[in-house]
Amino acid sequence: MRYYLIAGEASGDLHASRLMRALRARDAEAQFRFFGGDLMAAEGGTLVKHYRELAYMGFVPVLMHLPTILRNMKRCKQDIAAWRPDVVILVDYPGFNLDMAQFVKANAICPVYYYIAPKIWAWKEYRIRRIRRDVDELFSILPFEVEFFEGKHHFPIHYVGNPTAQEVREFLAADPRKQTQASEKPVIALLAGSRKQEIKDNLPAMIEATRHLTDRYAIVLAGAPSIEPSYYEPFLKDSDVLLVMNETYSLLRRAVAALVTSGTATLETCMFRVPQVVCYETPLPWLIGKMRKVMLNVEYISLVNLIANREVVTELVADSFSVGNIRQSLERILPGGSDRQRMLLDYEEVHRRLGEGDAPSRAADIMLQLLKTHKKREK
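Conventions and cut-offs
Residues numbered from 1 in each chain as written. Predicted model: local features only at pLDDT ≥ 70, side-chain atom pairs only at ≥ 80, totals over all residues. Heavy atoms only, no water. Helix = DSSP H or I, 4+ residues; strand = E, 2+ residues; numbered from the N terminus. Buried < 20%, exposed > 50% of the residue type's maximum accessible area, 1.4 Å probe, protein only. Salt bridge = Lys/Arg side-chain N within 4 Å of Asp/Glu carboxyl O. Axes fitted to C-alpha atoms, helices over the stretch in contact; angles between N-to-C directions. Parallel < 35°, antiparallel > 145°, perpendicular 65-115°, else oblique. Contact = heavy atoms within 4.5 Å. Nonpolar A, V, L, I, M, F, W, Y, C, P; charged D, E, K, R; others polar.

Caption draft 1: Representation of unusual backbone geometry in the model. Positive phi, close to 55 degrees, is recorded for lysine 124, a residue that is not glycine. Relative to the assigned elements, lysine 124 resides in the loop between strand E5 (112–115) and helix H6 (128–134). Here the phi dihedral of asparagine 309 falls at roughly 60 degrees; this positive angle occurs in a residue that is not glycine. Turning to its location among the elements, asparagine 309 is positioned in the loop between helix H14 (303–308) and strand E13 (314–317). Asparagine 309 gets classed as exposed once you look at its relative accessible area, which sits at 60%.

Laid out in structure tokens, this is it:
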């Protein structure tokens, strides 16, 4: 079968690549064409556009790059229409992907499957109308989404387990070492986001909050795959922070604590059992702090707290985001800190809730069965 996949950022590239591998293992004639990244390209097929040209967030960056975004959308629509896939598989990235779903459905090209459901439970819940209209099958990787989509909105979904949990388990099984040499300083990891705007907003405060610890700890920044190393240089100037590229899992395996910008990275850090502080600076922090409950439909922003349905990790967002608060929260989770053992114990609950399932394999099995049924109906 012919599979057209669209992923718009690094985490989507990873999850989509694992899904492609699972589909190929079950479909010897699988052909792939995609908007995505290097990991997807490594699985074979045709990379039409790299996600580095897609990943814009925030009102101003989107406005500045609007002509590029519109050109990418037009190119994607034309490419899907010309290639005529058997299915379009969308991977998160709803601002772009829901438009693609609408186009595919309006032109009756093929079924639309959404792997990794859009996080409309957090904000823009009205997008459920577009999902109902344009998405044929929705695949969830977060257990609490079942109640949201099926219980609240009566929209059936397939919960397939969490691929991040599985990816970390496989990495640790392949190389479970915690430290490379006993003489090295213990490591504090900085995960400052995968987009330039996130890095600009969060990294300076993270660096400043750890400056007093450099005599005892190695402060190491995980560079995002979508960001060129040169972008980090002005932030790291006059600091002792070390930058490593494409080594996030290796870094987390060695870390004793982490400062993490919200997103998939918070869950990855939990899976590695590394105590963390979630730091997320926003524009107009005072206003957003006051309006947070209006703007967001959830109490928490980190996946760790959302899965546990309580505060497991400290979240410093909007008006609580400051160098002083980051420093104090970090010191409480360092070895010997007052919150460290409690957080590590709470992590085990998150591990239990996510379970041991193989998400890409489960999703691939369901997708192929649905596509075979669709093909039979067409005949």
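Moving on from the coordinates now.
Caption draft 2: Expanded view of the pattern of salt bridges. A full pass over the atoms with the stated rule returns 22 salt bridges. Put simply, arginine 169 and glutamate 356 hold a salt bridge, and the shortest N to O gap is 3.2 Å. Pair noted here: arginine 169 is in helix H8 (residues 163–174) and glutamate 356 is in the loop between helix H16 (340–354) and helix H17 (359–378), with a separation of 187 residues, a long-range link. You can call arginine 169 partly exposed: its relative accessible area is 27%. Of the residues examined, glutamate 356 reaches a relative accessible area of 65% and is grouped as exposed. The residue arginine 310 makes a salt bridge to glutamate 349 at a minimum N-O spacing of 2.7 Å. Taken together, the residues span a long stretch of sequence, with arginine 310 in the loop between H14 and E13 and glutamate 349 in helix H16 at a distance of 39 residues. Sharing partners across several salt bridges, the network here consists of Arg310, Arg342, Asp346, Glu349 and Arg353.

Caption draft 3: Looking closely at the packing of helix H12 (residues 264–271) against H16. The contact between H12 and H16 brings their axes to 9 Å, and the two run at 105 degrees. Comparing their axes, H16 and H12 come out roughly perpendicular. Between H12, through Leu267, Thr269, Cys270 and Met271, and H16, the contact on the second element is made entirely by Tyr347, Val350, His351 and Leu354. For the contact of H12 with H16, the residue count by class is six nonpolar, two polar and no charged.

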